[in-house]
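# Working through the structure, step by step
Below are the chains, spelled out letter by letter.
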Amino acid sequence: MTLPADMLRHQVQVEPYLGPGPAGPLYGDQVTYPGYVEDKRQLVRSATGDEVVSETTVYLDPGAVIPPESRVTLPSGRRSAVITAATREGPPDPAMDHLEVTLT
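This write-up is about the structure you can find in this document. (Residues numbered from 1 in each chain as written. Predicted model: local features only at pLDDT ≥ 70, side-chain atom pairs only at ≥ 80, totals over all residues. Heavy atoms only, no water.)

### Section: the environment of Thr-87
What counts, and what does not: Secondary structure counts use DSSP, requiring at least four H or I residues in a row for a helix and at least two E residues in a row for a strand, with both numbered from the N terminus. Residue contacts are defined here by distance: any two heavy atoms, one from each residue, within 4.5 Å place the two residues in contact.
Its place among the elements puts Thr-87 in strand E7 (residues 79-88). When residues no more than four places from it in sequence are discounted, the contact partners of Thr-87 are His-98 and Leu-99.

### Examining unusual backbone geometry
Peptide bonds are mostly trans, and most non-glycine residues show a negative phi. For clarity, the threshold we go by: With a 1.4 Å probe rolled over the protein chains alone, any residue whose accessible area is under 20% of its type maximum counts as buried; one over 50% counts as exposed, and the rest are partly exposed.
Backbone geometry places Glu-69, a non-glycine residue, at a positive phi of 80°. Within the secondary structure, Glu-69 sits in the loop between strand E5 (51-60) and strand E6 (71-73). Exposure remark for Glu-69: the relative accessible area of 46% places this residue in the partly exposed category.

### Thoughts on the packing of aromatic side chains
Stated precisely, the cut-off is as follows: Stacked, tilted and edge-to-face are the three classes assigned to paired rings of Phe, Tyr and Trp, where Trp is represented by its six-membered ring and a pair needs centres within 6.5 Å; plane angles under 30 degrees give stacked, over 60 edge-to-face, the rest tilted. When the NZ atom of lysine or the CZ atom of arginine is within 6 Å of a ring's centre and also within 35 degrees of its normal, the charge is said to sit over that ring.
Tallied over the entire structure, the rule returns 2 aromatic pairs. For the ring pair Tyr-17 and Tyr-27, a centre distance of 5.9 Å and an interplane angle of 65° mean the geometry is edge-to-face. In this pair, Tyr-17 sits in strand E2 (residues 17-21) while Tyr-27 sits in strand E3 (residues 24-27), placing the two residues 10 residues apart along the sequence. A cation sits over an aromatic face here: Arg-71 above Tyr-27, 3.8 Å from the ring centre.

As structure tokens, this is what we get:
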């Protein structure tokens, strides 16, 4: 299932993190996803367990593939890095299943 269409009013561009390269991080081709962008400062734990301040949370359909450290360009033009990405189930309505992505 996916999020309701009226929630998917923003577009984000994602360059998935592929890993380290000889000259720095490597990223895949840019993919555009519809989603919902919420600017909200919060303290989150990174994939390594460090506490990090997230400035933005993006809600996407659960099929999106966005590894930590990916680059995300928001509708405002601001570019951020992915701290975490987690699939969330939306009980009681499976139509609310989504991917929750926290950004720097």
